[in-house]
There are 2 protein chains.
Amino acid sequence: MDIKFLYDNHETLKEQKVTIIGRVRSNRQGKAVSFMVLNDGTVLNDLQVVYKPETVGFEQGSKARVSSIVEIEGILIPTPTRPQPFEINATSITLLDQAIEEYPLQKKEHSPEFLREISHLRARTKTFQAIFRIRSTAAFAIHKFFQENNYVYVTTPIITSNDAEGAGEQFVVTVNEDKDYANDFFGKKASLTVSGQLNGEAFAQAFKNIYTFGPTFRAENSHTTKHASEFWMIEPEVAFADINDNIQLMQDMLKSVVGYVLEKNMTELEFLQEQLEPGLIDKITGIVNAEFKVNTYEEVLKTLQDAIDKGHKFEENNIHFGLDLGTEHERFICEEVNKCPTFVINYPKDIKSFYMKQNDDGKTVAAVDLLVPGIGELCGGSEREANLDKILERCEFYGINPEELDWYIGLRKYGFYKSAGFGLGFERLIMYITGASNIRDVIPFPRTPKTLLY
Amino acid sequence: MDIKFLYDNHETLKEQKVTIIGRVRSNRQGKAVSFMVLNDGTVLNDLQVVYKPETVGFEQGSKARVSSIVEIEGILIPTPTRPQPFEINATSITLLDQAIEEYPLQKKEHSPEFLREISHLRARTKTFQAIFRIRSTAAFAIHKFFQENNYVYVTTPIITSNDAEGAGEQFVVTVNEDKDYANDFFGKKASLTVSGQLNGEAFAQAFKNIYTFGPTFRAENSHTTKHASEFWMIEPEVAFADINDNIQLMQDMLKSVVGYVLEKNMTELEFLQEQLEPGLIDKITGIVNAEFKVNTYEEVLKTLQDAIDKGHKFEENNIHFGLDLGTEHERFICEEVNKCPTFVINYPKDIKSFYMKQNDDGKTVAAVDLLVPGIGELCGGSEREANLDKILERCEFYGINPEELDWYIGLRKYGFYKSAGFGLGFERLIMYITGASNIRDVIPFPRTPKTLLY
């Protein structure tokens, strides 16, 4: 039996004999009775075990240190007046493996910084149990949403020769480390992918609806709480779809994923709400129930300028067409003005990517970012440029050699009628759902500049 | 509407007006009527469209080349006497985007070798539509199985500093390419992971049940049909579990995943059975219904020796304790002797990994491989060594510096009572389920030595 089984069935197991293996969280001797708190990781809740000198194995049990593994046989006793609904009255304790005294996670509060140093152990704490279980649930919810809507999961390549996307600095993948790429493993320069989008688009032309969900990499020397060198992205792409379909998909996906986590992980969310972010559950429930708004980029500029004219101060107050909106602007729009998640569409073409569809106005592209209260941009996407000449013109503008991407650009020659998609940084979503404020705390073993542990 | 919607609802849509966007697979003019075959990727089946000179847009439609995108309005007409259950009687055709004449996938048979050269287009062929849709379904089935059994999905790191596992040659990840690792991005030598197992084990100590599912890499210069440089692995790990639990888990998982594909993708399986492997459906249905057998390694040796004594010839006939069983031996055992999937357990310790639990006989470890008819080894795993001294002794035997893995080995100090898990190469499973004989044909964009396309 595991502890989840006891929690799921404690009413029918009342007064029954149960057997449990678990890890000791605490163990204290009283005069008449002793208490051991166990966890086995199958559920966030702990199990309280009561034992006495007459319990078989009392000697062993009373010596069990924090983190030791014990097997308990006992009777499940309801405790309706206490916080936990039941406890175990032990008849027998077996110390299966004794932990050393120097176990780093003794029962006290540890700083997130200290816990990041021991990422092989921190998942045993309740906070990280909650975060990583929600991460797991959310990952499944993403697959579930797309699969139920007939999207094909495409594992796009991690090692790539695409270096012309301009999406960020890349790691080199090599066996020789001598820059002689012709004699390297792949016979050409190889890098870690920054996005599966271009490959995903090719597959959307085959399956109409596809999504990717895999690791992506940035060799950027960023030391912020929002950036990691290795993170996971979800990139759906839909052929024959335009920016409005894209907006609908983002909204449907986000509501579905957050709704599923609310359904499955309320215990974890309640714990994190207490530990990390007051109001967390209301915040994410708001996502599920909200009617999202749509603003054009130019509407946003006007709203920001109006606010400034009325005395609001941003760090960046020079509001002009071509401005790359900052998080302060994004949060102002969705938190103060619209008070709901907001799609911003039709950004200036010169601040967006070469593959985005140019609008008829000659100055904007059919890009869309989703802004959510508390975080700003959560995901972004676009309709793709279908016109071969227009995409070549954008390549020239950005200094991209179209021959290096001829397979991608050339898709437009073989029957191409609209395509739209977006990218969602998985860790950003998990930070939003869990209330964790540092990306290092939502990745099992985070990778950042100068940090490569475990 | 998409074509899947028509197939799912054609009975209620009978004689109704429908509108469809799709890609032209073929287009031929008859004297009185013309026929266009469309596909939109939402379902394996094509859609036949009948049109006539009086159809609006006839001129455009009759010029639509293979791979062009068209929009069809028309009436859905049942065709009970034909292979396809219905067709569309077009009232209007709009040519949304004309393909160039030189589209590489004209309607004829192409060799797998040619198609591998155009992996950005080959998913449009029926064979690859079937393979990659099954790949997607199977990936989801794996997540579904583990999530429903309360396993936590752990994304173990892709970039790693673990280079002491001995599991294979690794790619280096670098920004400087000068072997001066202290000044490289991570301040130490970084590689692409060959396995998430060790990190997964740490998380199993926190959650009891975990699984990984992510890309892994081998910088091996192998030019076989079974090896790729980048492939996906599933690695479950269960704390407090032994080799028998491991056997049960492998069997349950495999039956669940194959059963789910049989439930969801029978159309694709029937197509692949016709194209790639006669008897495919019986073969995989056999997995779902089989009672798997368990043999010890020494039993297998005896069976092989008996067969040789009776005149059977293997390529390797020197059967002795310490022999690493070849595919010929594995297939003989499960195909000729047991006639069912077979677990082989208790391999010689010196041909297995340092972390495997040593049995009391002093010469074997609690390792288990699953052999399946038609392929041999499908997955392998073990119970893990819980005893610190014994694992250190194995490190010494293999020349592994235990200090480089002290975080992993040290888990044994902090309360460690059994752990077991296994690794399943996802592509090997997909080859088995689809009948594809080359690993390059089950990976969307395969990576192999000297080949890095798209």
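Reading guide: rules and limits
- Residues numbered from 1 in each chain as written.
- Chains lettered and ligands numbered in written order.
- Predicted model: local features only at pLDDT ≥ 70, side-chain atom pairs only at ≥ 80, totals over all residues.
- Heavy atoms only, no water.
- UniProt positions renumbered as here; feature names shortened; annotations may be inferred.
- Buried < 20%, exposed > 50% of the residue type's maximum accessible area, 1.4 Å probe, protein only.
- Helix = DSSP H or I, 4+ residues; strand = E, 2+ residues; numbered from the N terminus.
- Least-squares fit on C-alpha atoms with pLDDT ≥ 70 in both.
- Polar contact = N/O pair within 3.5 Å; in protein donor to acceptor, adjacent residues only side chain to side chain.
- Contact = heavy atoms within 4.5 Å.
- Phe/Tyr/Trp six-rings, centres within 6.5 Å; stacked < 30°, edge-to-face > 60°.
- Core = buried A, V, L, I, M, F, W, Y, C linked by side-chain atoms within 4.5 Å.
- Pairing = 2+ DSSP bridges.
- Salt bridge = Lys/Arg side-chain N within 4 Å of Asp/Glu carboxyl O.
- Axes fitted to C-alpha atoms, helices over the stretch in contact; angles between N-to-C directions.
- Buried area = accessible area lost by both parts, 1.4 Å probe.
- Nonpolar A, V, L, I, M, F, W, Y, C, P; charged D, E, K, R; others polar.
- Parallel < 35°, antiparallel > 145°, perpendicular 65-115°, else oblique.
- Left-handed = near helix turned anticlockwise from the far one by under 90°.

As annotated in an unreviewed UniProt entry, chain A carries the name Asparagine--tRNA ligase and comes from Mesoplasma florum. Quoted verbatim from the Subunit (unreviewed entry) field of UniProt, the annotation for chain A is "Homodimer." Of the comments in the UniProt record for chain A, the one headed Sequence similarities (unreviewed entry) reads "Belongs to the class-II aminoacyl-tRNA synthetase family."

A. Focus on helix α5 (residues 197–207) of chain B. All names here are of chain B. Within α5, eleven of the eleven residues are buried, which leaves it mostly tucked inside the rest of the structure. Of all the positions in α5, only Q197, L198, N199, G200, E201, A202, F203, A204, Q205, A206 and F207 are classed as buried. Looking one or two places after α5, you find K208, whose phi comes out positive at around 70 degrees.

B. Inspection of the relation of the copies chain A and chain B at higher detail. Note on the copies: chain A fits chain B at an RMSD of 0.0 Å, the axial shift is 0.0 Å, and the rotation between them is 180 degrees. On this basis, the relationship between the two copies can be described by a two-fold rotation axis.

C. Just the side chain of A:T79, in detail. Residues and elements named next belong to chain A. Here T79 lies in the loop between β4 (69–78) and β5 (86–97). Relative accessible area serves as the criterion here: at 5%, T79 is assigned to the buried category. From its side chain, T79 meets the backbone nitrogen of F86 in a polar contact 3.1 Å long. Ignoring any residue separated from it by four or fewer positions in sequence, one finds T79 in contact with Q84, P85, F86 and E87.

D. Molecular detail of the packing of aromatic side chains. Under the defined criterion, the tally for this structure stands at 59 aromatic pairs over all chains. Note on A:W232 and B:Y153: the rings are 6.5 Å apart at their centroids and 90 degrees apart in plane angle, and the pair reads as edge-to-face. Remark: B:Y153 occurs in strand β6 (residues 152–153) and A:W232 occurs in strand β11 (residues 230–239); the pair is interchain, linking two chains. With respect to burial, A:W232 and B:Y153 carry one shared label: buried.

E. Here's a closer look at the nonpolar core. In terms of nonpolar packing, the biggest core is built from 226 residues, with A:Y408 and B:Y408 touching the most fellow members. Other than its neighbours up to four places away in sequence, A:Y408 contacts A:Q197, A:L198, A:E201, A:F354, A:Y355 and A:I391.

F. Region of interest: the sheet that holds β11(A). All names here are of chain A. With respect to topology, eight strands assemble into an open sheet ordered β6-β10-β11-β16-β15-β14-β13-β12, the strand pairing being mixed. Strands with a single pairing partner mark the edges of an open sheet, and in this sheet they are β6 (152–153) and β12 (293–296). In this structure, strand β13 (residues 342–348) lies alongside strand β14 (residues 364–372), joined through six bridges in antiparallel fashion. Within the sheet, the bridge partner assigned to P348 lies in β14 and is T364.

G. Here's a closer look at the pattern of salt bridges. Summed over the entire model, instances satisfying the criterion amount to 42 salt bridges over all chains. With a closest N to O distance of 3.1 Å, A:E277 and A:K283 form a salt bridge. A salt bridge links B:D441 to B:R116, with the nearest nitrogen and oxygen atoms 2.8 Å apart. In this pair, B:D441 is assigned in the segment after α13 (426–434) and B:R116 in helix α3 (residues 112–117), connecting sequence segments 325 residues apart. Considered together, B:D441 and B:R116 belong to a single accessibility category, that of buried residues. Look at the salt bridges and you will find they share partners, linking A:E201, A:E237, A:R384 and A:R412 into a network.

H. Structural detail: the sheet that holds strand β1 (residues 17–29) of chain A. Residues and elements named next belong to chain A. In space, the five strands of this closed barrel follow the order β1-β2-β3-β5-β4, with mixed pairing throughout. Between one strand and the next, the sheet's axes are offset by a mean angle of 55 degrees, whatever the strand orientation. Judged from the ten bridges that link them, β4 and β5 form a sheet pairing that is antiparallel. Note on β5: the bridge partner recorded for E71 is T94.

I. Expanded view of the pairing of strand β1 (residues 17–29) of chain B. Residue and element names in this part refer to chain B. Inspection of the sheet shows β1 paired to strand β4 (residues 69–78) by seven bridges, in the antiparallel sense. In the sheet register, V18 faces β4, and the bridge partner there is G74. Two strands pair when backbone bridges link them, and β1 and strand β2 (residues 34–39) are joined in this way by six bridges, in the antiparallel orientation. Considered in β2, the bridge of N27 is made with M36. Turn length for the β1-β2 hairpin, with the two strands adjacent in sequence and antiparallel, is four residues.

J. Quick look at the pairing of strand β14 (residues 364–372) of chain B. Residue and element names in this part refer to chain B. The element β14 is largely enclosed, with a buried count of nine among its nine residues. Sheet topology places β14 next to strand β15 (residues 376–383); six bridges connect them, and they run antiparallel. Bridge pairing links L370 to C379 in β15.

K. Inspection of unusual backbone geometry at higher detail. One non-glycine residue, A:Y454, adopts positive backbone phi at about 70 degrees. Here A:Y454 lies in the segment after α13 (426–434). Judged by its relative accessible area of 12%, A:Y454 is buried. At B:E177, a position not held by glycine, the phi torsion is positive, near 55 degrees. Here B:E177 shows up in the loop between β8 (172–174) and β9 (190–192).

L. View of the side chain of B:Q147. Looking at the element boundaries, B:Q147 is found in helix α4 (residues 126–148). Classification of B:Q147 as buried rests on a relative accessible area of 18%. If sequence neighbours within four positions are ignored, B:Q147 has contacts with A:S136, A:T137, A:F140, B:Y153 and B:Y211.

M. Layout of the interface of chain A and chain B. Contacts between the two partners involve 106 residues from chain A, matched on the other side by 108 residues from chain B. Of the roughly 8,700 Å² buried at the junction of chain A and chain B (both faces included), carbon and sulfur atoms supply 64%. At the junction of chain A and chain B, the tally comes to zero salt bridges. At the surface where chain A touches chain B, the tally comes to 41 residue pairs in polar contact (both at pLDDT 80 or more). For the side of chain A that touches chain B, a count of residues per class yields 51 nonpolar, 33 polar and 22 charged.

N. Structural detail: the environment of A:Y408. Topologically, A:Y408 is positioned in helix α12 (residues 406–409). In this structure the C-alpha to C-alpha distance between A:Y408 and A:Y355, which are 53 residues apart in sequence, comes to 9.9 Å.

O. Highlighting the packing of helix α6 (residues 243–264) of chain A against helix α8 (residues 280–289) of chain A. All names here are of chain A. α8 packs onto α6 with a crossing angle of 140 degrees between their chain directions and a minimal axis gap of 8 Å. The orientation of α6 with respect to α8, classified from their angle, is oblique. Between α6 and α8 lies a crossing of left-handed hand. From α6, L254, K255, V258, G259 and L262 reach across to α8, where they touch I281, I284, T285, I287, V288 and N289. Residues belonging to the contact of α6 with α8 are distributed by class as follows: seven nonpolar, three polar and one charged.

P. Quick look at the packing of helix α4 (residues 126–148) of chain A against α6(A). All names here are of chain A. The geometry of α4 relative to α6 is characterised by a closest axis approach of 9 Å and an angle of 135 degrees between their N-to-C directions. By the angle between their axes, α4 is oblique relative to α6. For α4 against α6, the interelement crossing comes out right-handed. Of α6, the residues touching α4 (which contributes I134, T137, A138, F140, A141, I142, K144, F145 and F146) are L249, D252, M253, S256, V257, Y260, V261 and K264.

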